[in-house]
Amino acid sequence: MAPVSRAGHFGLLTAFSLSLLSSVQAFYLPGAAPRNYHEGEQVELFVNALTPMIAGNDNAKLKSLINYDYYNPAFHFCQPEGGPVKQPESLGSILFGDRIFNSPYDIRMLENTTCRTLCTETVPPEDAKFINDRIREDYAINWLVDGLPAAEMKEDKRTGELFFDMGFNLGNDEGQFEEMPALHNHYDIVLRYHSPTPDVYRIVGVLVWPTSRGGPQETPSDGELDCASSAPPLILSETSSNMVRYTYRVMWNESDTPWATRWDNYLHIFDPRIHWFSLINAVIVVVFLCLMVSMILLRTVSRDISRYNAIDLSEDVQEDWGWKLVHGEVFRAPQNPMILSVLVGNGAQLCAMVAVTLVFALLGFLSPSNRGSLATVMMICWTFFGGIGGYISSRVYASLGGPNKRRNSFLTATLMPTVVFAIVFLLDLFLVAAGSSGAVPFGTLLLIIILWFGISAPLSAVGSYFGSKHGAIPNPVRVNQIPRQIPPQPTYLRPWATTILAGILPFGAAFVELYFVLSSLFASRAYYAFGFLALTAALVALTTATVTILFTYFILCREDYRWHWRAFLTGGGSAFWLLAYGIVYWASRLSLDSFSSTVLYFGYLILLALLDFLVTGTIGFLATYWAVRRLYSAIRVD
């Protein structure tokens, strides 16, 4: 991606207006109505936290994971009269690191302004070093105008399309500024508007071209500033105090883009052919797997069942072989049924959360205008689906012969949330120690605990009650009193081998989308390709289910009836590959110098792998449980 030079501002704006991306009409959450402005009306500009970003060149790497408050004293940005005022934010917005405040910028609808001085600040040497280090780490400034992020116009090198890249650079550390970076202290703000009716205007785009203007920083006595003339760059000295004058200029440009599709300029999909290729590849894999499983279940198993159920009057004894030999052991309770049922219950709760969130996203209810709406919906769904987790866990536990139902109910409601909360809390401590604004405030942590203990845990207890009331799922065959001896197993059917081998195919169906998801989480890239994501999730679920059934059939044919834990581990095998891919992503796309950023990355990566393990493991277990019951209910046992 190449940033567009300031010299070509208006030419590119004209070209962009003539070559708007053709995309689907957006559908937004009811209530997110457009804001209508009139000429001369005040337009608020809000500031958000500074975030690290990946530079424009192909070999660029992300250099930090620490967010900083815009009004961090070390930056010395201009503050509004009376001090900055924090803006109300949603739960998801806070969890994703948004820290939004008002600003001193004076912008009015359709009023172009010449060069204005915002303020003049004195930057001491220690703060100059702090700012220079942040510029070297490619930090971006994030503004919001009418819910739209300020962006730089860039060109997709693969397709030649122009798009808006959210955020703009704090400074310049490329080329001649590699040794001593230049601070951007002047902003050309270009606001694009659309007029649906006369005298009514709506903002549909916010572009910023930052530049570095050095030389004398004092305001001229006549107050006249010329921001169009050439000036040397502003390089902050790390040995003496620096004077910095912040200036800005506002320009309004009319656009044909209606308000409903204004986000299309921001939500650019890089090379959609990659997404389609990944999906087609995954579909081929899934079809192949489904055909294999169907062939096994419909041909091999049906033939076996017919032979087992046939009455041969010429023989007194009919020998069993293969998977029918373990019909008296296959429903024997596994080791640690309590832990298994708790994991399955929490996995079912997460599955429901993911499914409903994706449905909301596909229907257009998660508008990017509502910052943090994705995380908010996920938290709400997880909270109110506690009953699903409790119900599934209690029924699985009862079916596995577990006697302690109250303990099962308690662990289902507390075990997984406690582990996740402990990981998040420890990572939050590292954020606090690093001085990051991304640290979750204490009040938000308290709200999450209230949601957990006040809503999710009671609903989980209610679900456990109804699950226990419905009782165990009856087994189609009896369990022998004496366990059968298990013959030696080949290496490829041992638990660790099946987990690793089975995880390759679900991971292969998702690894392309995984790259974009990781870039969105760690590199502040917008990701709203929910159609691709939903299809990928469906393919991963189907692949996980079929692969797990396939491997379970193989181990049953080898007379190993310990399939319960094996099914869960085999289904969750993609988490191992997710972890491995995260390490590859860290080595190829990240260059984290600080210990805190490294700990944060691997902490979040482990958390992602844990959640993926629970979701896919649950899918594998439940699919296998259904297949095994269908298999052994179709045979006749004397």
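Thresholds, definitions, all that
Residues numbered from 1 in each chain as written. Predicted model: local features only at pLDDT ≥ 70, side-chain atom pairs only at ≥ 80, totals over all residues. Heavy atoms only, no water. Phe/Tyr/Trp six-rings, centres within 6.5 Å; stacked < 30°, edge-to-face > 60°. Lys NZ or Arg CZ within 6 Å of the ring centre and 35° of its normal. Core = buried A, V, L, I, M, F, W, Y, C linked by side-chain atoms within 4.5 Å. Buried < 20%, exposed > 50% of the residue type's maximum accessible area, 1.4 Å probe, protein only. Contact = heavy atoms within 4.5 Å. Helix = DSSP H or I, 4+ residues; strand = E, 2+ residues; numbered from the N terminus. Axes fitted to C-alpha atoms, helices over the stretch in contact; angles between N-to-C directions. Parallel < 35°, antiparallel > 145°, perpendicular 65-115°, else oblique. Left-handed = near helix turned anticlockwise from the far one by under 90°. Nonpolar A, V, L, I, M, F, W, Y, C, P; charged D, E, K, R; others polar. Polar contact = N/O pair within 3.5 Å; in protein donor to acceptor, adjacent residues only side chain to side chain.

## Side note on the packing of aromatic side chains
Part 1 of the argument: Counted under the stated rule, the structure contains 39 aromatic pairs.
Part 2 of the argument: With 5.8 Å between their ring centres and 65° between their planes, Phe-360 and Phe-365 make a pair best called edge-to-face.
Part 3 of the argument: In this structure an aromatic cluster arises from ring pairing among Tyr-68, Tyr-70, Tyr-71, Phe-75, Phe-77, Phe-101, Phe-130, Tyr-139 and Tyr-246.
Part 4 of the argument: The ring of Phe-130 is capped by Arg-134, whose NZ or CZ atom sits 4.7 Å from the centre of that ring.

## A closer look at the nonpolar core
What tends to happen in soluble globular proteins is that the nonpolar side chains get buried as a cluster.
Part 1 of the argument: Ranked by internal contacts, the top residues of the largest apolar core, which has 79 residues, are Tyr-105, Trp-143, Tyr-187 and Ile-189.
Part 2 of the argument: Apart from residues no more than four positions distant in its own chain, Trp-143 is found in contact with Leu-45, Phe-46, Val-47, Tyr-70, Tyr-105, Leu-148, Pro-149, Ala-150, Phe-168, Tyr-187, Ile-189 and Val-208.
Part 3 of the argument: Judged by nonpolar contacts, the second largest core, of 43 residues, contains Phe-331, Tyr-553, Tyr-561 and Tyr-625.

## Description of the side chain of Asp-146
Part 1 of the argument: Secondary-structure assignment places Asp-146 in the loop between strand S6 (139–145) and strand S7 (148–149).
Part 2 of the argument: For Asp-146, a relative accessible area of 16% puts it in the buried group.

## Regarding the packing of helix H11 (residues 530–557) against helix H14 (residues 595–633)
Part 1 of the argument: Relative orientation of the contacting elements H11 and H14 amounts to 50°, with a least axis distance of 8 Å. Accordingly, the angle class assigned to the pair H11 and H14 is oblique. Crossing angle aside, the handedness with which H11 passes H14 is right-handed. Listed contacts from H14 to Val-540, Ala-541, Thr-544, Ala-545, Thr-548, Ile-549, Thr-552 and Leu-556 of H11 are Thr-616, Ile-619, Gly-620, Ala-623, Thr-624, Ala-627, Val-628 and Tyr-632.
Part 2 of the argument: Among the residues forming the contact of H11 with H14, the class breakdown is ten nonpolar, six polar and no charged.

## A short note on the side chain of Glu-89
Part 1 of the argument: The topology assignment puts Glu-89 in the loop between strand S3 (45–52) and helix H2 (91–95).
Part 2 of the argument: Of the polar contacts made by the side chain of Glu-89, one reaches the side chain of Ser-93; its length is 3.4 Å.
Part 3 of the argument: Sequence-distant contacts of Glu-89, that is, excluding residues within four places in its chain, are made with Ile-94, Asp-98, Arg-99 and Ile-100.

## Focus on the packing of H11 against helix H12 (residues 564–571)
Part 1 of the argument: The contact between H11 and H12 brings their axes to 9 Å, and the two run at 140°. Judged by the angle between their axes, H11 and H12 are oblique. H12 is crossed by H11, and the crossing has right-handed handedness. In contact with Thr-544, Thr-548, Phe-551, Thr-552 and Ile-555 of H11, H12 contributes Arg-566, Ala-567, Thr-570 and Gly-571.
Part 2 of the argument: Each residue belonging to the contact of H11 with H12 can be placed in one class, and the counts come to three nonpolar, five polar and one charged.

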